[in-house]
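# Survey of secondary and tertiary structure
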Amino acid sequence: MTSVTIAGGGIGGLVAAMCLHDAGHEVDVFESVVEPSELGVGINVLPHSVRVLDDLGLLPALDAAGVRTEALAFLSRDGIRIWEEPRGLAAGTPWPQFSIHRGKLQMLLWQAALDRLGPERCHTGMRLTSFKQNDSQHNGDIDDTVTATFQDRRSGVDIEVASDVLVGADGIHSAVRQQLHPDQGLPHPSGLVLWRGAVRARAFLGGRTMFMAGDDGQKAVVYPISDPDDDGMALINWVAERPMDVDMTTVSWNREVDPAWVADSFTEWDYGWLDVGALIASSDAAYEFPMVDRHPVDRWSFGRVTLLGDAAHPMRPNGSNGSSQAILDGEALAAALTGTGDIPAALTAYESARLEPTAKLTLANRQAGPERVMQWVAERCAGACIDEHTCVDSAVLEREANAYKQLAGFDPATLQAMAEPG
């Protein structure tokens, strides 16, 4: 049995903890938040990662908390259709795609981890500050462990935890990554800023469609994160995006802004079936943060320490892939550590399985991922397209959409093969 310390109780850390526990390992999760709660707005969980959550027995809980997304549409600023594709089960994948409130997903996973690991192994208010690897001999015994130091945010006292493995799942500002890669610098800005919010509003396009509208100069992403109630109202998540210079040395993360100020840039985005500007303006709150990532590194694993999720591969949200890739990391880590006593080799194998695919996705998302078709239309449309854009060949759009699915690992053929017995 391998003892594993996971620094970070976010989506990736919790999924990794449950996968490792189910594989027979001894796992402790240390989360810096003192009281986990339902914070945030919406995210998407793609079918390849839903497969992992289904293996953990969480599909009923996902159905209770989120929406099974059935379609993704790309639109120009005026609401004219560029491309639409089925998603999840509607696309022929064996597992659905979910749109869900991030906080609800977080608490769903936290409760599942408490039930599996036991509350004594899920520690809150613990912020990792440093770690050291031990490789010494004493009276013939070899001490091959890693010791992580956590600061108890309640008392301010430092606590040392020794284990066979340390997993840095502590996000884009990871203290583990910073110690492994001390010269990495600040996150890499994209020149874009996002504003996010969620508000109850009338469901649109059947209540299970996600759409992206606009181009590189301005964009909106809108999708439901709850099923419609008896009055046809649902919780709708929205994301607004515009170019803006950001000073990464002074940037404020998750700053609250006036929704009316954000909505002012979308006053003409009324599609009949949804008025984007009015939706944003009706929100109680909007939150601003820069769209950033980090340059891919050539190593995650050093001895008995490795990285996972945003600590390993923080990527831009184009393609809705960040959380899904973190979930896949957890499954891959458990598979690599199971059945071997050579921990450094196992962590290297985990890295070999996951580093290159996530690095490619990070770089693809810098080119706007599948959303770049919106800019193609903005550059090529001469204004003659009325009900549907024909200025870019549909075969080209389909090829682009399929290429991204294959790169990310959720194309139907790949997932159908994974679902086959044996």
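The structure we're discussing is the one just above.
Residues numbered from 1 in each chain as written. Predicted model: local features only at pLDDT ≥ 70, side-chain atom pairs only at ≥ 80, totals over all residues. Heavy atoms only, no water.

### Examining the packing of helix α1 (residues 11–22) against helix α4 (residues 102–117)
It is the contact of α1 with α4, at a shortest axis distance of 9 Å, that shows an interaxial angle of 25 degrees. Here α1 is positioned roughly parallel relative to α4, judged by the angle of their axes. The interaxial crossing formed by α1 with α4 has left-handed handedness. On α4, the residues that touch Ile11, Leu14, Val15, Ala17, Met18, His21 and Asp22 of α1 are Arg102, Leu105, Gln106, Leu109, Trp110, Ala112, Ala113, Arg116 and Leu117. Residues belonging to the contact of α1 with α4 are distributed by class as follows: 11 nonpolar, two polar and three charged. (Axes fitted to C-alpha atoms, helices over the stretch in contact; angles between N-to-C directions. Helix = DSSP H or I, 4+ residues; strand = E, 2+ residues; numbered from the N terminus. Parallel < 35°, antiparallel > 145°, perpendicular 65-115°, else oblique. Left-handed = near helix turned anticlockwise from the far one by under 90°. Contact = heavy atoms within 4.5 Å. Nonpolar A, V, L, I, M, F, W, Y, C, P; charged D, E, K, R; others polar.)

### Remarks on the pattern of salt bridges
Considering all chains together, one arrives at 22 salt bridges under this definition. In this structure, the salt-bridge partner of Arg200 is Asp229, at a minimum N-O distance of 3.2 Å. Here Arg200 is found in strand β13 (residues 188–202), whereas its partner Asp229 is found in the loop between β15 (218–224) and β16 (233–243), with 29 residues between them in sequence. Take Asp229: its relative accessible area is 33%, and that puts it in the partly exposed class. Across the pair Glu288 and Arg255 runs a salt bridge, and its minimum N-O distance is 3.0 Å. (Salt bridge = Lys/Arg side-chain N within 4 Å of Asp/Glu carboxyl O. Buried < 20%, exposed > 50% of the residue type's maximum accessible area, 1.4 Å probe, protein only.)

### A look at the packing of aromatic side chains
Under the counting rule described, the total for this entry stands at nine aromatic pairs. Judged by centre distance (5.5 Å) and plane angle (70 degrees), the rings of Trp195 and Trp261 are edge-to-face. Placement of Trp195 in strand β13 and of Trp261 in helix α6 (residues 259–263) is noted, with a sequence separation of 66 residues between them. You can call Trp261 partly exposed: its relative accessible area is 41%. Taken together, the aromatic side chains of Phe204, Phe211, Tyr271 and Trp273 make up a single cluster linked through ring pairs. A cation over an aromatic ring shows up here: Arg299 above the ring of Phe302, its NZ or CZ 3.9 Å from the ring centre. (Phe/Tyr/Trp six-rings, centres within 6.5 Å; stacked < 30°, edge-to-face > 60°. Lys NZ or Arg CZ within 6 Å of the ring centre and 35° of its normal.)

The values reported here are purely geometric and, on their own, carry no functional implication.
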